[in-house]
Amino acid sequence: MAGHLVHRAVLSVPVLFGVLLLGFMLLQLVPGDVAQVIGGPQATPEVVEQIRRDLGLDRPLAVQFLLYMGRVLRGDLGYSMINNTPVISELAEAIGPTAELMVACLVWSVPIGIALGTVAAVNRGNMLDRLIIAVSVLGVSTPVFFVGLMLIMYAGYQWELLPFLGRAGPLWTREGLAHIALPALTLGLIFIGPVARMTRTAALEVMNADYVRTARAKGLAERTVIVRHVLRNALIPVITLIGLQAGFLLGGAVVTETIFSWPGVGRLAVGAILARDLPLAQGSILVLAVSFIVINLVVDVLYGVLDPRVAK
Amino acid sequence: MAQSTATTTATTTAPAAPAAASRPPSALRRLFRDRLALAAAVILVLLVAAAILAPWLAPNDPYLTNTRLRMLPPVWEGRGRWQFLLGTDGLGRCLFSRVLFGLRATLLMGLIATAIGGAVGLALGLLAAFYRRLDGWLMHLADILLSFPAILLGLAFAAVVGPGMTAVVVSLAIATIPTVARVTRASALVVMGQDFIEAGRAIGLNDRTLLTRYLALNCISSVFVYLTLRFGQVILLGSALSFLGLGAQPPAAELGTMASAGRNELFLAPHIAVIPSFVIVLLVLCANVLGDALRDLLDPRLRNG
């Protein structure tokens, strides 16, 4: 098991390296003088020169990349151009809310998606199945922002059920919980569709397996067959596929955070890009990319736990 | 998803791929026996036609602002006017005309990104299957690209070249490449295992003819099916980026940008945000329904996605 974990972790090193390299190369594509861009339009030539020397921009590209990697690994991501705070501390504040939002979304949408997918598979071909398929196709065809705006419009504004602006403290307080409800609902609603669909496919495949026929032949109750034999085995591919949907979830989170003014990394990234705050933008994109890699790593490891055959 | 389909198709060498290409008319007829797919195809054709004919169909200038006619509701609500079928937006511009032009921009964005990404992905996938020496390298490259979700590519490009349609189209095209390459490679490997490739070699055909005539034509149907499904996702991602302000810039009419602008008047005039969003849903829904039907018909192996 530990070997499997180490193996997967080592495999993600080249990807991480690629992410850093791409982040670095993107900075090379910036039109004009990077030092000038980072310094901002008001920077004097002396300041620009200082930035150039500090960042090693007058050295060869390969050296620059190594310097950049060294700085990133030491947690030095530069300073935000807008409010002159260290990028790393801005990110440290934003990463918690993003993780909260993701967890709050997964906690309710994955179980419901799995339940819907199983119900659809069990009722294959009849009205219930078709209804669930239709709802999940509609789900994957709807932009996150549409769901978010509708929830703000009705649940937030007209019916005054829940707050829809920002975060209000930790989740164990009433206020904090109320504020995360609508963002988590938004993100979860678009995630149910894919999960239900994947579960249905996986469950249908398992239902044809010999051991399911054996279980039925033993005279087990249909409920037991479905829960013990079908669902448990169908969950393995579903977990993997949820990992592959991490990018989809990340994109949804960026949009959701922006709509609900949720103070997470996604909103930080979008704000930084719109304000042309290059160091902050680069730092937050890097964090998003790394979290994507970490999610996939966690899924891989989980996969090994659920299916010991993989971990060998 | 792409990874799982790639491995399953590569291992189960079912000799099925080239059959569909030889009888397109009957496949089309079977497709349209599925009423839902037929409806989706009709709506898509209508939407595309509306987008192409936008300059002639639009009753008003989509960019003409009028402060006295701000936030008019659609005609089906009491205060609506027939001159503005879908009402006006926050600056008094005709929403119907803007939706037509916005549809044009959104469709064009999706088509260009899907076409570029699809073409490059197809080429890479074919090369990987044909020249086995390249295979490992190309697929490693695809894996690294896959570890950059499309939304991050969009953010990164917008950060570097500045927000705009170029950043969106380029990032969506790049994000499309690795998955298309994987789908192409998987179906090309099946084709490569068949006798007619060997026969082609035996009669002395050069690599170029083998690649384009023998291999590419036999893979094109699976890739096309995949691209139809991908098209919907590209539209969703593109409009999300535009919604964030990273795509088409105001005053340009683009559905995502328009939905975003509607946020300002969400409580006073919800139709300004709702109508463009609804058109996006319609577009993506039809692409997905049609893609699903095509897949079941032409390439059931992709079904896991």
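Small disclaimer: the values here were computed from a predicted structure and weren't measured. Along each chain, the written sequence defines residue order, and numbers are assigned to residues from 1. Whichever chain is written first becomes A and whichever ligand is written first becomes 1, with later ones labelled in order. It should be noted that, the model being predicted, local features are given only for residues of pLDDT at least 70 and side-chain atom pairs only at 80 or more, the latter also being counted only at that level, while totals for whole chains, interfaces and linings use all residues.

Caption draft 1: A look at the overall build of chain A. Within chain A one finds 13 helices and 0 strands. In chain A, the succession of α and β elements from N to C terminus is α-α-α-α-α-α-α-α-α-α-α-α-α. Only runs of H or I of at least four residues qualify as helices and only runs of E of at least two qualify as strands under DSSP, and these elements are numbered from the N terminus.

Caption draft 2: Structural detail: the overall build of chain B. Summing up its helical and strand segments, chain B has 12 helices and 0 strands in all. Using C-beta atoms placed from the backbone, we call a residue buried if 20 or more other C-beta atoms fall within 10 Å of its own, exposed if 12 or fewer do, and partly exposed for counts in between. Looking at chain B as a whole, 50% of its 305 residues qualify as buried. By the convention adopted here, residues make contact when the C-beta atoms placed from their backbones lie within 7 Å. Long-range pairs, those at least 24 residues apart, make up 73% of the contacts in chain B between residues at least 6 apart in sequence.

Caption draft 3: Representation of the interface of chain A and chain B in the model. With 39 residues of chain A in contact, the opposing surface of chain B contributes 37 residues. Secondary-structure elements contributing two or more residues to the side of chain A that touches chain B are helix H1 (2-29), helix H6 (127-140), helix H7 (144-158), helix H10 (222-244), helix H11 (246-259), helix H12 (265-274) and helix H13 (278-306) of chain A. Residues are grouped as follows: Ala, Val, Leu, Ile, Met, Phe, Trp, Tyr, Cys and Pro are nonpolar; Asp, Glu, Lys and Arg are charged; all remaining types, including Gly, are polar. By residue class, the composition of the side of chain A that touches chain B is 31 nonpolar, 8 polar and no charged.

Caption draft 4: Examining the confidence of the model for chain B more closely. Residues and elements named next belong to chain B. The pLDDT averaged across chain B works out to 84; a share of 89% of its residues lies at or above 70. Per residue, pLDDT captures the predictor's confidence, and it can take any value from 0 to 100. The lowest-confidence element of chain B is helix H1 (residues 2-11), averaging 40 in pLDDT; the highest-confidence one is helix H5 (residues 95-130), averaging 94. Taken as a whole, residues 1-21 scores under 50 in pLDDT and shows 38 contacts with residues more than four places along the chain or in a different chain. With a pTM of 0.86, the predicted complex shows an ipTM of 0.86.

Caption draft 5: Region of the structure containing the packing of helix H8 (residues 165-192) of chain B against helix H10 (residues 207-243) of chain B. Residue and element names in this part refer to chain B. Lines are fitted to the C-alpha atoms to define the axes, a helix being fitted only along its stretch in contact, and any angle between axes, read from their N-to-C directions, falls within 0 to 180 degrees. The geometry of H8 relative to H10 is characterised by a closest axis approach of 9 Å and an angle of 155° between their N-to-C directions. In this view, H8 runs roughly antiparallel relative to H10, as classed from their interaxial angle. The two elements H8 and H10 meet at a crossing, and its hand is right-handed. Split into classes, the residues belonging to the contact of H8 with H10 amount to 15 nonpolar, 7 polar and 1 charged. For classification purposes, an angle smaller than 35 degrees is called roughly parallel, one larger than 145 roughly antiparallel, one from 65 to 115 roughly perpendicular, and anything else oblique. Note on convention: the crossing is left-handed when the near helix lies turned anticlockwise from the far helix by less than a right angle, right-handed when the turn is clockwise.

Caption draft 6: Structural detail: H11 of chain A. A rise of 1.5 Å per residue sets the reference length of H11 of chain A, with its 14 residues, at 20 Å; its end C-alpha atoms lie 20 Å apart and thus fit the reference within 8%. Within H11 of chain A, 13 of the 14 residues are buried, leaving the element largely enclosed by the surrounding structure. A helix is expected to span 1.5 Å multiplied by its residue count minus one.

Caption draft 7: Broad picture of the nonpolar core. Core analysis: the largest hydrophobic core is formed by 165 residues, its most contacted members being Ala 269 and Ile 285 of chain A. With 18 residues, H8 of chain B is the single largest residue contributor to this core. In this structure, Ile 285 of chain A is in contact with Gly 23 and Ala 269 of chain A together with Leu 152, Leu 155, Ala 156 and Ala 159 of chain B, ignoring residues within four places of it in sequence. Think of a nonpolar core as buried Ala, Val, Leu, Ile, Met, Phe, Trp, Tyr and Cys residues, each tied to the set through C-beta atoms within 7 Å.

Caption draft 8: Region of the structure containing the packing of H10 of chain A against H13 of chain A. All names here are of chain A. Packing of H10 against H13 brings their axes to within 9 Å, and their N-to-C directions diverge by 170°. In terms of orientation, H10 lies roughly antiparallel with respect to H13. Together, Leu 235, Ile 236, Ile 239, Thr 240, Ile 242 and Gly 243 of H10 and Ile 295, Asn 296, Val 299, Leu 302, Tyr 303 and Leu 306 of H13 make up the contact between the two elements. Taken together, the residues of the contact of H10 with H13 break down into 9 nonpolar, 3 polar and no charged.

Caption draft 9: Quick peek at unusual backbone geometry. Cis geometry is found at the peptide bond from Pro 250 of chain B to Pro 251 of chain B, where omega equals 10°. Phi at Asn 84 of chain A is positive, roughly 60°, even though this residue is not glycine. For Asn 84 of chain A, the location among the structural elements is in the loop between helix H4 (61-73) and helix H5 (87-122). For Ser 261 of chain A, which is not glycine, the phi torsion reads 50° and is therefore positive. Mapping Ser 261 of chain A onto the fold places it in the loop between H11 and H12.

Caption draft 10: Structural view of the environment of Ala 240 of chain B. Mapped onto the secondary structure, Ala 240 of chain B falls in helix H10. You can call Ala 240 of chain B buried: it has 27 C-beta atoms within 10 Å. Here Ala 240 of chain B is in contact with Pro 143, Val 144, Phe 145, Gly 251 and Val 255 of chain A together with Gly 256 of chain B, once residues within four sequence places are set aside.

Caption draft 11: Quick peek at the environment of Phe 248 of chain A. Relative to the helices and strands, Phe 248 of chain A is located in helix H11. Separated by 135 residues in the primary sequence, Phe 248 of chain A and Gly 113 of chain A place their C-alpha atoms 15 Å from one another.

Caption draft 12: Just the environment of Leu 294 of chain B, in detail. Residues and elements named next belong to chain B. Inspection of the secondary structure assignment puts Leu 294 in helix H12 (residues 271-298). With 22 C-beta atoms counted inside 10 Å, the residue Leu 294 sits in the buried group. Spatially, the C-alpha atom of Leu 294 lies 23 Å from that of Ala 175, the residues being 119 residues apart in sequence. Once residues within four sequence positions are removed from consideration, Leu 294 is found in contact with Leu 31, Val 225 and Thr 228.

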